[in-house]
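Tertiary structure, described
Read off the chains here:
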Amino acid sequence: GENVEQHPSTLSVQEGDSAVIKCTYSDSASNYFPWYKQELGKRPQLIIDIRSNVGEKKDQRIAVTLNKTAKHFSLHITETQPEDSAVYFCAASRGGSQGNLIFGKGTKLSVKP
Amino acid sequence: SAVISQKPSRDICQRGTSLTIQCQVDSQVTMMFWYRQQPGQSLTLIATANQGSEATYESGFVIDKFPISRPNLTFSTLTVSNMSPEDSSIYLCSVEGPRRDTQYFGPGTRLTVL
């Protein structure tokens, strides 16, 4: 079946450093790739997303890149801050349905002051 | 963004009983989605609920265990039936944003089954 793999499962960086989280997907029909941030006890919050007709998208300190050929997409956080500490999930749509998402297993990011 | 509320926010239930979770959205949406997040795990789609039709369930989830209602374009319920401790999870509803270009999650219902 369809699958999304996410690496690493944990990531620890110093404040100010960059963090990169990578995902691969298996469904060739996937065309929507959101990233969610989940703080402890809270709902997943959409932080950035990208569609298959775009290779890169940036929003302040956060960027996402997509390589459709290789079925890879990555989240880049620059100038990390302690408040960036959370679990980050990547997801890929099942086909064209952006609500029907297959999630990666998550990356626990810790930013040390 | 869409404003989504869920009731209850949390509950502790005895095995063998059922719990109905409500999801309310502040705008009309075509599709609503129900996800499960087991402790320390990722999110898994249970089913997609369209108004006026039967819900579509993902592999591993069945209607008898997770019946869903979708009486109108702003509301849905998910029932967890005949609960066992393995059903202890956070259950979240999800909808598309007003411009149908993003996906938002409700605050979730934390269920503990004893």
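Up top is the structure these notes are about.
Here the structure is a predicted model, which means the values were calculated and not measured.

About the criteria used
Residues numbered from 1 in each chain as written. Chains lettered and ligands numbered in written order. Predicted model: local features only at pLDDT ≥ 70, side-chain atom pairs only at ≥ 80, totals over all residues. Heavy atoms only, no water. Helix = DSSP H or I, 4+ residues; strand = E, 2+ residues; numbered from the N terminus. Rg over C-alpha atoms; globule rule 2.2 N^0.38 Å. Phe/Tyr/Trp six-rings, centres within 6.5 Å; stacked < 30°, edge-to-face > 60°. Buried < 20%, exposed > 50% of the residue type's maximum accessible area, 1.4 Å probe, protein only. Salt bridge = Lys/Arg side-chain N within 4 Å of Asp/Glu carboxyl O. Contact = heavy atoms within 4.5 Å. Buried area = accessible area lost by both parts, 1.4 Å probe. Polar contact = N/O pair within 3.5 Å; in protein donor to acceptor, adjacent residues only side chain to side chain. Pairing = 2+ DSSP bridges.

1. Remarks on the overall build of chain B
For chain B, the count of helices and strands is zero helices and eleven strands. Listing each helix as α and each strand as β along chain B from the N terminus yields β-β-β-β-β-β-β-β-β-β-β. For 114 residues, the compact-globule formula gives about 13 Å, and the C-alpha radius of gyration of chain B, at 13 Å, lands near that figure. Principal axes of the C-alpha set define a box for chain B whose edges measure 40 × 25 × 20 Å.

2. Remarks on the overall build of chain A
A count of helical and extended segments in chain A gives zero helices and eleven strands. Shown N-terminal to C-terminal, the secondary structure of chain A runs as helices and strands in the order β-β-β-β-β-β-β-β-β-β-β. Relative to the 2.2 N^0.38 estimate, which gives 13 Å for 113 residues, the radius of gyration of chain A is 13 Å and therefore close to what a compact globule would have. Along the first, second and third principal axes, the C-alpha set of chain A runs to 40 × 30 × 20 Å.

3. Points about the packing of aromatic side chains
Scanning the model with the defined rule gives twelve aromatic pairs over all chains in all. Geometrically, the ring pair formed by Y36(A) and F105(B) is edge-to-face, given 5.2 Å between the ring centres and 80° between the ring planes. Of this pair, Y36(A) sits in strand 4 (residues 32-38) while F105(B) sits in strand 10 (residues 103-105), placing the two residues on different chains. For Y36(A), a relative accessible area of 0% translates into the label buried. Accessibility expressed as a relative area gives 3% for F105(B), which makes it buried.

4. Remarks on the pattern of salt bridges
Residue and element names in this part refer to chain A. Across all of its chains, the model carries seven salt bridges over all chains by this definition. Measuring nitrogen to oxygen at the nearest pair gives 3.7 Å for the salt bridge that ties K37 to E39. The class for E39 is partly exposed, based on a relative accessible area of 31%. Among the salt bridges present, the one from K57 reaches D49, with a minimum N-O distance of 2.9 Å.

5. Some points on the interface of chain B and chain A
Counting from both sides, the interface comprises 19 residues of chain B and, opposite them, 19 residues of chain A. Both sides together, the interface formed by chain B and chain A hides about 1,500 Å², and carbon and sulfur atoms give 49% of it. If you look at where chain B meets chain A, you find one salt bridge. The salt bridge partner of R94(A) is E58(B), with a shortest N-O separation of 3.3 Å. At the junction of chain B with chain A, the criterion picks out eight residue pairs in polar contact (both at pLDDT 80 or more).

6. So, the pairing of strand 8 (residues 75-80) of chain B
All names here are of chain B. Within strand 8, six of the six residues are buried, leaving the element largely enclosed by the surrounding structure. The alternating pattern of strand 8 places F75, T77 and T79 on one face and S76, L78 and V80 on the opposite face, and all of these are buried. One ladder, built from six bridges, connects strand 3 (residues 19-25) with strand 8; its direction is antiparallel. By the bridge assignment, T20 is partnered in strand 8 with T79. Bridging between strand 7 (residues 68-72) and strand 8 involves three bridges; their strand directions are antiparallel. Among the inter-strand pairings, N72 is bridged to a residue of strand 8, identified as F75. Connecting the antiparallel pair strand 7 and strand 8 is a turn made up of two residues.

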